[in-house]
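# Survey of secondary and tertiary structure
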Amino acid sequence: MQEFDITDKIATAFGAGLMLLGIVGLGLVEIVAGQPYSPVPLTNEAGDVIATPAIDPTLRTGLVLLGLAVLFAWGIYRAATPDTGADRTPKEVTAD
């Protein structure tokens, strides 16, 4: 198995960072912004919008899906790249 190189570190950090931003980061922003914690606008009996979420749910979902896409593309790259770093030549060892 080959060690992580700079491409692997960048891809995993970027993909995981996007997912953490979408889930944890913007979730904390929603909590700090206060109620409502609903992903849809709240309406009263007359149908008027009385409260909306602080962060659009499509933005949060988009960040998480983009992070997953980056990690999936990295996985395809990792599977398609040959393992050139490993030395697989047999070595002769004498028994003691």
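Here's a quick rundown of the structure. (Residues numbered from 1 in each chain as written. Predicted model: local features only at pLDDT ≥ 70, side-chain atom pairs only at ≥ 80, totals over all residues. Heavy atoms only, no water.)

### A closer look at the overall build of the protein
Scanning the protein from N- to C-terminus turns up two helices and two strands. Helices and strands in the protein line up, N terminus first, as α-β-β-α. Counting only C-alpha atoms and orienting by the principal axes, one finds that the protein spans roughly 85 × 25 × 20 Å. Taking all 96 residues of the protein together, the buried fraction comes to 20%. A sequence separation of at least 24 residues applies to 67% of the contacts in the protein between residues at least 6 apart. For the protein, the computed accessible surface area is about 7300 Å², with 67% contributed by carbon and sulfur atoms. For the protein, the separation between the mean place of its 5 positive charges and that of its 11 negative charges on side chains is 9 Å. (Helix = DSSP H or I, 4+ residues; strand = E, 2+ residues; numbered from the N terminus. Buried < 20%, exposed > 50% of the residue type's maximum accessible area, 1.4 Å probe, protein only. Contact = heavy atoms within 4.5 Å. Areas by Shrake-Rupley, 256 points an atom, 1.4 Å probe, with all protein chains shown as cover. Lys, Arg positive; Asp, Glu negative; His and termini not counted. Charge placed at Lys NZ, Arg CZ, Asp CG, Glu CD.)

### A short note on helix H1 (residues 6-33)
Compared with the 40 Å implied by 1.5 Å per residue over 28 residues, the 38 Å span of H1 between its first and last C-alpha is a close match. Along H1, the sharpest kink reaches roughly 40°, centred on leucine 21. Regarding H1, the residues found buried are Asp8, Ala11, Gly15, Leu18, Gly22, Leu26, Gly27 and Glu30. Backbone geometry just downstream of H1 places glycine 34 in the positive-phi region, at approximately 95°. (Expected span 1.5 Å × (residues − 1). Bend = angle between axes of the 7 residues up to and from the residue.)

### A few points about the pattern of salt bridges
Close approach of charged atoms allows side chains of opposite charge to pair. Evaluated as defined, the whole model comprises one salt bridge. Put simply, aspartate 8 and arginine 78 hold a salt bridge, and the shortest N to O gap is 2.7 Å. Remark: arginine 78 occurs in helix H2 (residues 57-80) and aspartate 8 occurs in helix H1; sequence separation between them is 70 residues. (Salt bridge = Lys/Arg side-chain N within 4 Å of Asp/Glu carboxyl O.)

### Observations concerning the nonpolar core
Core analysis: the biggest nonpolar cluster contains five residues, these being Leu18, Leu26, Ile55, Leu63 and Val70. Breaking this core down by element, the ones donating at least two residues are H1 and H2. Sequence-distant contacts of isoleucine 55, that is, excluding residues within four places in its chain, are made with Leu26, Val29, Glu30 and Arg60. (Core = buried A, V, L, I, M, F, W, Y, C linked by side-chain atoms within 4.5 Å.)

### Re the packing of aromatic side chains
Following the criterion strictly, the structure yields one aromatic pair and no others. Between phenylalanine 4 and tryptophan 74 the ring centres are 5.8 Å apart and the planes differ by 70°, which places this aromatic pair in the edge-to-face class. With phenylalanine 4 in the segment before H1 and tryptophan 74 in helix H2, this residue pair connects regions lying 70 residues apart in the sequence. A residue is classified by how much of its surface remains accessible, and phenylalanine 4, at 41% relative accessible area, is partly exposed. (Phe/Tyr/Trp six-rings, centres within 6.5 Å; stacked < 30°, edge-to-face > 60°.)

### Considerations on a nonpolar patch on the surface
Together, Leu20, Ile23, Val24, Leu28, Ile31 and Tyr37 make up a nonpolar patch on the protein surface, roughly 610 Å² of accessible area in all. Residue placement: valine 24 occurs in helix H1. (Patch = residues over 30% accessible without salt bridge, like charges linked within 9 Å, V, L, I, M, F, W, Y side chains within 5 Å.)

### What to know about H2
Here H2 contains 24 residues, and its C-alpha end-to-end distance of 34 Å stays within 8% of the 34 Å for a straight helix at 1.5 Å per residue. When we look at burial in H2, the residues that qualify are Leu63, Val64, Gly67, Val70, Trp74 and Arg78. Summarising the contacts, the buried residues of H2 are in contact with H1.

### Regarding the environment of glycine 75
When you line up the elements, glycine 75 lands in helix H2. Separated by 63 residues in sequence, glycine 75 and threonine 12 place their C-alpha atoms 9.6 Å apart.

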